[in-house]
Amino acid sequence: MTGTRVPSLGEAQQGGEGQTVEFKRGLSADEGRTSSVDEELLKSVAAFANTNDGVIFVGATMVGT
């Protein structure tokens, strides 16, 4: 990431999701299968890689959700 300040988890939870912050609940528990959860994570990674950087918190949720 170039010139982008990475927020702490607490800061990100307070600020919520946006163009540079996203939360994902986790990954599929079944390693032999690709789930829609895994596919959504991969889509997010690709989207962030093709834009202005950002951070994806896996296994975390926004405060209040």
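Now for a description of the structure that goes with this document. (Residues numbered from 1 in each chain as written. Predicted model: local features only at pLDDT ≥ 70, side-chain atom pairs only at ≥ 80, totals over all residues. Heavy atoms only, no water.)

### Some remarks on the side chain of Ser44
We apply this condition: Elements are defined by DSSP. Helices are runs of H or I of four residues or more, strands are runs of E of two residues or more, and each kind is numbered from the N terminus. Contact between two residues is taken to exist if any of their heavy atoms lie within 4.5 Å; hydrogens are not considered.
Along the chain, Ser44 turns up in helix α2 (residues 36–49). Beyond its immediate stretch of four places on either side in the chain, Ser44 contacts Glu22, Lys24 and Ile56.

### Side note on the pattern of salt bridges
Rules: A pairing counts as a salt bridge when a side-chain nitrogen of Lys or Arg comes within 4 Å of a carboxyl oxygen of Asp or Glu. Burial classes: relative accessible area under 20% of the type maximum marks a residue as buried, over 50% as exposed, and values in between as partly exposed (1.4 Å probe, protein chains only).
Taken as a whole, this structure holds two salt bridges when the rule is applied. A salt bridge links Lys24 to Glu22; the shortest N-O distance between them is 2.9 Å. Residue classification places Lys24 among the buried positions, given a relative accessible area of 15%. Among the salt bridges present, the one from Glu40 reaches Lys43, with a minimum N-O distance of 3.6 Å. One end of the pair, Glu40, and the other, Lys43, are both in helix α2, three residues apart, so they sit about a helical turn from each other. A relative accessible area of 38% means that Glu40 is categorised as partly exposed. On the basis of relative accessible area, Lys43 is assigned to the exposed category, the value being 52%.

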